[in-house]
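Structural features, examined
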Amino acid sequence: MTIYLIRHARQSSKLCNVNADLSEAGFRQASLLGERLFPSRIQAVYSSNLTRALQTAQAANLYWNAEHIIRPELREISFGHMEGMSDADIALTYADFKTRQSLMEEDLPYPGGECAADVIARAWPVFMEIVNSGYERVAVVTHGGVIRTILAYCLQMPLAKWRLLGNSLENCSISQLEWDEKAGRFHIERFNDHAHLEPYPELLRKSWVDAEN
């Protein structure tokens, strides 16, 4: 079976992990995603319960007309006390933590939040549920931290190093898992595929980051 791991579309707030609606650009991204995967004949869409993932799944699913299943376990990694803060404030307030995290020697929980192992503990059972669902082609609309953590786990990487998998995934990018039933594991077939966004530079993360400067 195939699982298309999708990072949610661009949201309307740049603050850390706030539960905000999609922006206008985000809805465009989700529509392009739906069109891109239309030939894949998606049979079911799983999403987290956070607004940005829900709205991405709903907008893309206009092309697929698949069952939409909401699983809170697929929500983004908890950034704890950092949530609702700007990147600049996080860099200043949590400089020591960010330095320690950058060493990638420990699977550190965010202050007051989760570590990668916590994400695996809650999200991995959902992936096993999907494997046993009887579906052959499933889209999972979730979050960058979840996708990178799940892929690190599939690759049997030390979870402390999950942030090596992409500095930042593009919104509405596709990473593809193929389940090997005999071996009982996933193979990673693609990562951070955003070819459907490339004709529109304003929809890429670089344009969003540059707008701050």
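First, a word on scope: everything that follows refers to the structure included in this document. (Residues numbered from 1 in each chain as written. Predicted model: local features only at pLDDT ≥ 70, side-chain atom pairs only at ≥ 80, totals over all residues. Heavy atoms only, no water.)

Side note on the pairing of strand S3 (residues 67-70)
We count it as follows: Paired strands, as defined in this entry, are two strands with at least two bridges between them according to DSSP. Helix numbers and strand numbers start at the N terminus; a helix is a DSSP run of H or I with at least 4 residues, a strand a run of E with at least 2. Look down the strands so they point away from you; if going from the first strand over the helix to the second traces a clockwise path, that crossover is right-handed.
Note: strand S2 (residues 44-47) against S3, four bridges, orientation parallel. Opposite Ala44, over in S3, you have Glu67 as the bridge partner. As for the winding sense of the linkage, the β-α-β connection from S2 through helix H2 (residues 51-64) to S3 is right-handed.

A closer look at the environment of Leu197
Counting through the fold element by element, Leu197 comes out in the loop between strand S6 (185-193) and helix H7 (205-210). A C-alpha to C-alpha distance of 27 Å links Leu197 and Ala123, two positions 74 residues apart in sequence.

Comments concerning the layout of surface pockets
The following threshold applies: Only protein atoms enter the 1 Å grid used here. Points where a 1.4 Å probe fits but cannot escape make up a cavity, open sets with protein on both sides within 12 Å along at least five of seven lines make up a pocket, and a residue lines them when an atom lies within 4 Å of a point. Grid points are joined across faces, edges and corners, and a volume is the space filled by probe spheres set on the points. Each residue gets one of three labels, nonpolar for Ala, Val, Leu, Ile, Met, Phe, Trp, Tyr, Cys and Pro, charged for Asp, Glu, Lys and Arg, and polar for the others, Gly among them.
There is about 980 Å³ of room inside the largest pocket. Together, 31 residues line the largest pocket, and Arg7, Phe79, Asp87, Ser168 and Arg205 are the ones closest to its centre. Those elements that provide at least two residues to the lining of the largest pocket are helix H3 (87-93), helix H6 (144-154) and H7. Tallied by class, residues from the lining of the largest pocket come to eleven nonpolar, nine polar and eleven charged.

So, the pairing of strand S5 (residues 174-180)
For clarity, the threshold we go by: Summary of the burial criterion: residues with accessible area below 20% of their type's maximum are buried, those above 50% are exposed, and those between are partly exposed, where the area comes from a 1.4 Å probe applied to protein chains only.
Of all the seven residues making up S5, five are buried; the element is thus mostly covered by neighbouring parts of the structure. Of the pairings in the sheet, the one linking strand S1 (residues 2-7) to S5 comprises five bridges and is antiparallel in character. Residue pairing in the sheet places Tyr4 in a bridge with Gln176 of S5. Of the strand pairs in this sheet, S5 and S6 are connected by six bridges, and their pairing is antiparallel. Bridge pairing links Trp179 to Phe186 in S6. As consecutive antiparallel partners, S5 and S6 are separated by four residues, and within that stretch Gly184 has a phi angle of approximately 70 degrees, a positive value.

Notes on empty space enclosed by the protein
Inspection of the entire model under this criterion finds one cavity of 30 Å³ or more. There is about 60 Å³ of room inside the largest cavity. What lines the largest cavity is simply Gln101, Met104, Glu106, Asp107, Leu108, Tyr110, Ala160, Trp162 and Arg163. Partitioned by chemical class, the residues of the lining of the largest cavity number five nonpolar, one polar and three charged.

Describing the sheet that holds S5
Counted only if it meets this: Lines fitted to C-alpha atoms define the axes here, with helix axes fitted over just the stretch in contact, and angles between the N-to-C directions of these axes take values from 0 to 180 degrees. Here, two residues are considered to be in contact whenever any of their heavy atoms come within 4.5 Å of each other.
Read across the sheet, six strands follow the order S3-S2-S4-S1-S5-S6 without closing on themselves; strand pairing throughout is mixed. Of all strands in the sheet, those with a lone pairing partner are S3 and S6, marking the two edges. Sheet twist, expressed as the mean angle between neighbouring strand axes with direction ignored, is 20 degrees. With four bridges joining them, S2 and strand S4 (residues 137-142) adopt parallel strand pairing. Residue pairing for S4: Ser47 is matched across the bridge by Val141. Contacting S1, S2, S3 and S4, H2 crosses the sheet at an angle of about 170 degrees to S2.

As for helix H5 (residues 116-131)
Rule in force here: Every helix has an expected span of 1.5 Å times one less than the residues it contains. What the bend at a residue measures is the angle between two axes, fitted to the seven residues ending there and to the seven starting there.
Counted at 1.5 Å a residue, the expected span for H5 with its 16 residues is 22 Å, and the 21 Å between its end C-alpha atoms agrees. At Ala123, H5 is bent by approximately 35 degrees, the largest bend along its length, and proline Pro125 sits one to four residues beyond. If you check which residues of H5 are buried, you get Ala116, Val119, Ile120, Arg122, Ala123, Trp124, Val126, Phe127, Ile130 and Val131. Considering only its buried residues, H5 is in contact with S1, S2, S4, H6, S5 and S6.

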